[in-house]
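# Structure assessment
Take a look at the letters that make up each chain.
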Number of protein chains: 2
Amino acid sequence: MAPDIHGLLLSGGSAFGLDAAAGVMRYLEERGIGFKLRDVVVPIVPAAIIFDLGMGSGKVRPGPDQAYEACLAATDNTFQRGSVGAGTGATVGKVLGIESATKGGVGTASGKVAGSWTVSAIAVVNAYGDVVHPHTGQVLAGPRRKDGPGFQNSVELLSSQVQQDLDLAGDPSTTLVVVATDAPLNREQTGVLAKAAHNGMARAVQPCHLMRDGDVAFALATGRSGQVRDVDPLLAAAPGIVAAAILDAVYQATSLFGVPAIADLARAE
Amino acid sequence: MAPDIHGLLLSGGSAFGLDAAAGVMRYLEERGIGFKLRDVVVPIVPAAIIFDLGMGSGKVRPGPDQAYEACLAATDNTFQRGSVGAGTGATVGKVLGIESATKGGVGTASGKVAGSWTVSAIAVVNAYGDVVHPHTGQVLAGPRRKDGPGFQNSVELLSSQVQQDLDLAGDPSTTLVVVATDAPLNREQTGVLAKAAHNGMARAVQPCHLMRDGDVAFALATGRSGQVRDVDPLLAAAPGIVAAAILDAVYQATSLFGVPAIADLARAE
């Protein structure tokens, strides 16, 4: 009945933040954008949030008015990344608690596929685990060492936990990814593109997809005509583009509420 | 009704190979192992296969008798890996056709988690894409260069395909993974462990999960008592162990029907 979506909301504020989608719906309804049935227009606006209530005051949450303002401020031009928007309160590497965490954020990356199509990704990185360079295995952002610069490795920390001692610290976490393409994908192809985005998470966030993580990937295809005969080139390219967006999120982040960003850690060294 | 499984079959022979599960069921029924209801015993034997009919004669397929023989030969000791069993006809890096592919196979790896639990994985690697070292991004086994030693990069080959020219070569492909642990997991925890295995595929097989791939992961928990309060350490460790099993498959492989294994390519250099 409603194969199209008209907006997509990524937000902080934990489950309270889902309420902000009402502001996007208000904006779209005013412009007549939505699922039309006789005299009603229902904008379809999926929403996903991160848990960031451990940063600053847990009482400060984005609501419909903030989302409406964001719609008014929307632009086709370059947008801000790092510790802004849904990425404001994002942190990564929380295995040893938020005291040792590193600042996450929102990032983006884009690439060309098959000569003509563009695949772009946005990632809001609030992972329980680390952001890892997919080509070196190096932890780029994770639980900070207490005895000097650099990070511990969350996979090693978790694997070496003693069974009796498993009382893991850290807030509930999530990596949110949106992967979008101008290729004219059908519904099934768009669905498998969302699955390919999870492969990008697996490469750049380690560990990811834990029970403590609410990892979500959305896929959007803007193409309105034509069809893609073979979606595999897009599926092959998407994980690397998603991984690059995840790296961008921590590279662009800035320190907040005592949680340092890697750009600031590098400056301090 | 049937939460337990009594056997698991991985086989070559494409969909014909699924028939071999009947041999495992025969073996188990003779020993009274199965789902018991009054005077019947039904062994529950999930099965998964790879498409390897492009290697040697497509008419040679394993059947119930071969699977029954395999059950009789089963051992608790070290078992053969590489180009044996379900891995016999496995190949990887088929983007340029099977003429350029490299030999796949069956591999295994194991690790300790949380001091007391073991996580082990078996992988049958018959991927369309490449086997990639998860810490270096290096293609370990993929489509072989025509102009010298080494491999091309399938993700790059696929991404740079021109849209009009998308007529990809290569047989249907699959990576089969079984991840097993002695940790006493419940049904839900065992399910998420299977998902974690897919993260290991994403790290070591690139691209994976294409429409041309029938990638499958099974998870088994042998623990009969107790419970795991927190499954996240197992989920954190599993992808690395699965990735190591995938690498083992191509390291252990031997050349067959003109498709060279990397061990033989290294010797030839």
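What you see is a predicted model, and the numbers here were worked out from it, not measured in a lab.

Listed as interface residues are 39 residues of chain A and, on the opposing side, 39 residues of chain B. Interface area for chain A against chain B, summed over the two sides, is near 3,300 Å², with a carbon-plus-sulfur share of 51%. The interface formed by chain A and chain B contains four salt bridges. Across the pair A:D232 and B:R212 runs a salt bridge, and its minimum N-O distance is 2.6 Å. Put simply, chain A and chain B have 13 residue pairs in polar contact (both at pLDDT 80 or more) between them.

Another aspect to go through is the domain arrangement of chain A. A common way to state how big an interface is: give the accessible area lost once the parts meet. Residues and elements named next belong to chain A. Entries for chain A in the domain assignment read domain 1 (1-74) and domain 2 (81-268). Just the C-alpha atoms count here: the centres of domain 1 and domain 2 sit 22 Å apart. Contact residues are listed per partner, giving 17 residues for domain 1 and 21 residues for domain 2. In this assembly, domain 1 packs against domain 2 so that about 1,500 Å² is buried in total across both faces, 75% of it on carbon and sulfur atoms. For the domain 1 face of the interface with domain 2, the top three residues by lost area are L10, I50 and M55, together amounting to 43%.

Turning our attention to the side chain of B:R144. Residues and elements named next belong to chain B. Along the polypeptide, R144 turns up in the loop between β10 (139-141) and α3 (154-159). Here R144 occupies a buried position and makes no salt bridge, while the nearest side chain of opposite charge, E99, is found at 8.3 Å. A distance of 2.9 Å separates the side chain of R144 from the backbone oxygen of A101, its partner in a polar contact. Not counting chain neighbours up to four residues away, the residues in contact with R144 comprise E99, S100, A101, T102, G150, F151, P260 and L265.

Here we come to the relation of the copies chain A and chain B. Overlaying chain A on chain B yields an RMSD of 0.0 Å, the required transformation being a rotation through 180° with an accompanying axial translation of 0.0 Å. Both chain copies can therefore be described as sitting about a two-fold axis. For chain A, the residue whose C-alpha comes nearest the rotation axis is A:T136, separated from it by 2.4 Å. A shared binding surface is used by both copies, with 100% of the interface residues of chain A retained as interface residues in chain B.

Looking now at the sheet that holds strand β8 (residues 117-126) of chain A. Residues and elements named next belong to chain A. A sheet is described by the order of its strands in space; here four strands give the open sequence β7-β8-β11-β13, paired in mixed fashion. One side of each edge strand has no neighbouring strand; the edge strands of this open sheet are β7 (105-113) and β13 (216-221). Going from strand to strand, the sheet's axes swing by 15° on average, the running direction of each strand aside. Here eight bridges tie β8 to strand β11 (residues 174-181), and the two strands are oriented antiparallel to one another. Pairing of S120 across the sheet is with A180, part of β11. Across the face of the sheet, helix α4 (residues 187-204) comes into contact with β11 and β13 while running at roughly 135° to β13. Against the sheet, helix α5 (residues 232-252) makes contact with β7, β8 and β11, and its axis sits at roughly 150° relative to β7, the strand it touches most.

Once that is clear, we can look at the nonpolar core. Ranked by size, the top nonpolar core spans 108 residues in total, and within it A:V131, A:L234, A:I246, B:L234 and B:I246 carry the most contacts. For A:V131, the contacting residues outside a window of four places in its chain are A:V92, A:V125, A:Q138, A:V139, A:L140, A:A141, A:A204, A:I246, A:L247 and A:V250.

Residue and element names in this part refer to chain B. Taken in spatial order, the four strands make up an open sheet running β7-β8-β11-β13, and their pairing is mixed. The open sheet has two edge strands with one neighbour each: β7 (105-113) and β13 (216-221). Averaged over all pairs of adjacent strands, the angle between strand axes in this sheet comes to 15°, irrespective of strand direction. Relative to β13, strand β11 (residues 174-181) is paired through six bridges, and the arrangement is parallel. Paired with A180 across the bridge in β13 is L220. Lying on the sheet, helix α4 (residues 187-204) is in contact with β11 and β13; it crosses β13 at an angle near 135°.

Quick notes on the rules
Residues numbered from 1 in each chain as written. Chains lettered and ligands numbered in written order. Predicted model: local features only at pLDDT ≥ 70, side-chain atom pairs only at ≥ 80, totals over all residues. Heavy atoms only, no water. Contact = heavy atoms within 4.5 Å. Buried area = accessible area lost by both parts, 1.4 Å probe. Salt bridge = Lys/Arg side-chain N within 4 Å of Asp/Glu carboxyl O. Polar contact = N/O pair within 3.5 Å; in protein donor to acceptor, adjacent residues only side chain to side chain. Domains from an automatic or database assignment. Helix = DSSP H or I, 4+ residues; strand = E, 2+ residues; numbered from the N terminus. Buried < 20%, exposed > 50% of the residue type's maximum accessible area, 1.4 Å probe, protein only. Lys, Arg positive; Asp, Glu negative; His and termini not counted. Least-squares fit on C-alpha atoms with pLDDT ≥ 70 in both. Pairing = 2+ DSSP bridges. Axes fitted to C-alpha atoms, helices over the stretch in contact; angles between N-to-C directions. Core = buried A, V, L, I, M, F, W, Y, C linked by side-chain atoms within 4.5 Å.

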